[in-house]
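Structural features, examined
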Amino acid sequence: MTAAAHPEILRATLFHVPRNPFRVSGSLEFHEDGGLLINSGRIAACGDYASVREAHPEAAVRDLRGGVLLPGFVDTHVHYPQVRILGCLGYGLLEWLQRYTLPEEAKFADLDYARVVAAEFVRALAAHGTTTALVFGSHFTAATAALFEAARSSGLRIVSGIVLSDRNLLSALHQSPDSAYRESTRLIREYHGKGRLLYAVTPRFALSSSDAMLEICGALLRENPGVRFQTHLNESKPEVKEVARLFPHDPDYFAVYERHGLAGRHSVFAHSVQTTDAELERMAARGSSASYCPGSNAALGSGFFPICRHLAKGVHFALGSDVGGGTGFGMLKEGLQAYLLQRLAPEGFPLAAEHLLYLATLAGAEALGLEGEIGDFTPGKSADLVYVHAPEASPLAAVMRNAPSAGHLLSAIFTLADSSCIARTWVEGCPVKT
Ligand SMILES: [Zn+2]
């Protein structure tokens, strides 16, 4: 799949956040009548349409006025084998895992089943404007390979890996550390760094991993430079208590991962709701990131993500949908839920539209070490884009025609846009195939 080599200007309203708005105020960049010059799948210029047009009279123009172009969304925490259990409400984490999640994930021993769900999964990402995702694969190697294959044919950027566990789940989901090492190494060779695919070493969480399994994860990271790491950390109180019981010699949950060399610059820890200040200090020192999954935190009753404490200690974080503990694939909806929950949290942070767009785009790219490639419209980056165009008779269309300010327009998109408003999704200048 190659992008057209001739330059083209996309004319639409543009928003992007090329700097961290938690550190630099006024980070939101906006062009009401904008021009985004795309050449060979890369962003070549971004600005007001008139000036981009004047500088590039040779370029073709695609008129997308009436809608908004945003950088493609980056979902930093999502489970591919959980598409079909979305919406199981009413439980906390550990009971939800036992009742719904683990039995569903056991079905992925059947490769035909896995292939069908992998196709549903990548289609759902693209339909919601997500162009890059850090994905928990399956406990089964063939099912995880099926995800990589589906990602490759769609064109999406997917970072994923076999989910590793050797205790405390259903026995069908356990593998030995030796087999985990062999199978992970096989998939790393086959998929890591191939096209837009990257591999992530993925122990499910400390609760389902022995020291021997975590040691294998450390070996995989050391032997395969550039491979990412993901797992869960400090999601619910009963989970934290159980991890403390299983690892009585570690001072806290994060220390279990640290001890095995799993906490680095390319490590993303999902949830971090119950994380202590001492853990946050060490996460910051190691350059590790948290994935903030507001919908999931609320649906499972895990708690409020402490944004202010992560900011105070300097821990980077980005948004994740956490399908299927979360409430769906939409990163715009996830942004809205972050906003709403921070309004209610005892020590909440007043998120503005620029924070939401940053957390759904560049922050995710930074967590994955892909900030040089994606996340905003800086010239030279890949043209990973989403085009928001509301159905004509919708409330969002009415707001978009009348929004008094750029900030209102963007916050209305986060408030009202669902997948019916995601008109097109491109990766590297090519429409994502679904
Ligand atoms: Zn999760």
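A few points on the structure.

Quick notes on the rules
Residues numbered from 1 in each chain as written. Predicted model: local features only at pLDDT ≥ 70, side-chain atom pairs only at ≥ 80, totals over all residues. Heavy atoms only, no water. Helix = DSSP H or I, 4+ residues; strand = E, 2+ residues; numbered from the N terminus. Rg over C-alpha atoms; globule rule 2.2 N^0.38 Å. Buried < 20%, exposed > 50% of the residue type's maximum accessible area, 1.4 Å probe, protein only. Contact = heavy atoms within 4.5 Å. Areas by Shrake-Rupley, 256 points an atom, 1.4 Å probe, with all protein chains shown as cover. Pairing = 2+ DSSP bridges. Right-handed = clockwise from strand over helix to strand, strands pointing away. Donors = N, O, S within 2.8 Å, 3.2 Å for Na, K, Ca; no water. Tetrahedral: all angles 85-135°; square planar, octahedral: opposite > 155°, others 65-115°. Phe/Tyr/Trp six-rings, centres within 6.5 Å; stacked < 30°, edge-to-face > 60°. Lys NZ or Arg CZ within 6 Å of the ring centre and 35° of its normal. Axes fitted to C-alpha atoms, helices over the stretch in contact; angles between N-to-C directions. Left-handed = near helix turned anticlockwise from the far one by under 90°. Salt bridge = Lys/Arg side-chain N within 4 Å of Asp/Glu carboxyl O.

Our next topic: the overall build of the protein chain. A count of helical and extended segments in the protein chain gives 16 helices and 16 strands. For the protein chain, the C-alpha radius of gyration of 21 Å lies close to 22 Å, the compact-globule estimate for 434 residues. Viewed in the frame of its principal axes, the protein chain has a C-alpha envelope of about 65 × 45 × 40 Å. Per-residue burial over the protein chain gives 60% buried out of 434 residues. The long-range fraction of contacts in the protein chain, counting pairs at least 24 apart against all pairs at least 6 apart in sequence, stands at 76%. With an accessible surface of roughly 15900 Å², the protein chain has 53% of that area assigned to carbon and sulfur atoms.

Below, the discussion takes up the pairing of strand β9 (residues 197-203). Residues in a regular strand point their side chains to alternate faces of the sheet. The element β9 is largely enclosed, with a buried count of seven among its seven residues. By the alternation rule, side chains of β9 split into Leu197, Tyr199, Val201 and Pro203 and Leu198, Ala200 and Thr202, which are all buried. In this sheet, β9 lies alongside strand β7 (residues 157-161) in parallel orientation, the contact comprising three bridges. Paired with isoleucine 158 across the bridge in β9 is leucine 197. As judged from the two bridges shared by strand β8 (residues 163-164) and β9, these two strands associate in the parallel manner. Paired with leucine 164 across the bridge in β9 is proline 203. Crossover connection from β8 via helix α5 (residues 177-191) to parallel β9: handedness right-handed. Following the chain from β9 across helix α6 (residues 211-223) to the adjacent parallel strand β10 (residues 228-233), one finds a crossover that is right-handed.

Right, let's get into the coordination of the zinc ion. Within the protein, His77 (NE2), His79 (NE2), His232 (NE2) and Asp322 (OD) serve as the donor atoms for the zinc ion, at 2.0 to 2.7 Å. Its four donor atoms give the zinc ion angles of 84 to 172 degrees at the centre, a pattern that matches the irregular case. Along the chain, the residues donating to the zinc ion are arranged with the sequence spacing H-x1-H-x152-H-x89-D. A residue pair is termed long-range when its members are at least 10 positions apart, and histidine 77 in strand β5 (residues 73-79) and histidine 232 in strand β10 qualify at 155 residues. Here histidine 77 and histidine 232 have matching classes, each one buried.

This part is about the packing of aromatic side chains. What the rule picks out here adds up to 18 aromatic pairs. When the centroid spacing of 5.5 Å and the interplanar angle of 55 degrees are considered together, the rings of phenylalanine 22 and phenylalanine 317 count as tilted. One end of the pair, phenylalanine 22, is in the loop between β1 (8-16) and β2 (29-39); the other, phenylalanine 317, is in strand β13 (residues 316-319), and 295 residues separate them in sequence. For the pair tyrosine 80 and phenylalanine 108, a centre-to-centre distance of 5.4 Å together with 90 degrees between the ring planes defines the contact as edge-to-face. One end of the pair, tyrosine 80, is in the loop between β5 and α2 (93-106); the other, phenylalanine 108, is in the loop between α2 and α3 (111-127), with 28 residues separating them in the sequence. Of the two residues, tyrosine 80 and phenylalanine 108, both sit in the buried class. Among the aromatic residues, those joined into a ring-pair cluster are Phe22, Tyr292, Phe305, Phe317, Phe349 and Tyr358. It is arginine 11 that lies over the ring of tyrosine 49; its NZ or CZ is 3.8 Å from the centre.

The N-to-C vectors of α3 and helix α4 (residues 141-154) enclose an angle of 35 degrees; their axes lie 9 Å apart at closest approach. For α3 against α4, the interelement crossing comes out right-handed. When α3 is examined against α4, the residues Leu111, Ala114, Arg115, Ala118, Ala119, Phe121 and Val122 are found in contact with a partner set consisting of Ala142, Ala143, Ala146, Leu147, Ala150, Ala151 and Ser154.

Reading across the sheet, the seven strands line up as β3-β2-β1-β4-β14-β15-β16 and stay open at both edges, with mixed pairing between neighbours. Edge positions in the open sheet fall to β3 (42-48) and β16 (430-431), since each of these has one partner strand only.

Let us look at the pattern of salt bridges. Inspection of the entire model under this criterion finds 28 salt bridges. For glutamate 120, the salt bridge goes to arginine 84, with nearest N and O atoms at 2.6 Å. Taken as a pair, glutamate 120 in helix α3 and arginine 84 in the loop between β5 and α2 lie far apart in primary sequence, 36 residues in all. Looking at glutamate 120, the relative accessible area reads 23%, which means it is partly exposed.

On to unusual backbone geometry, then. Omega for the peptide link from valine 323 to glycine 324 comes to 0 degrees, which places this bond in the cis form. Its place among the elements puts glycine 324 in the loop between β13 and α12 (331-344). A positive phi angle, near 50 degrees, is found at glutamate 428, a position not held by glycine. When you line up the elements, glutamate 428 lands in the loop between β15 (422-427) and β16. Residue class for glutamate 428 comes out partly exposed when judged on its relative accessible area of 23%.

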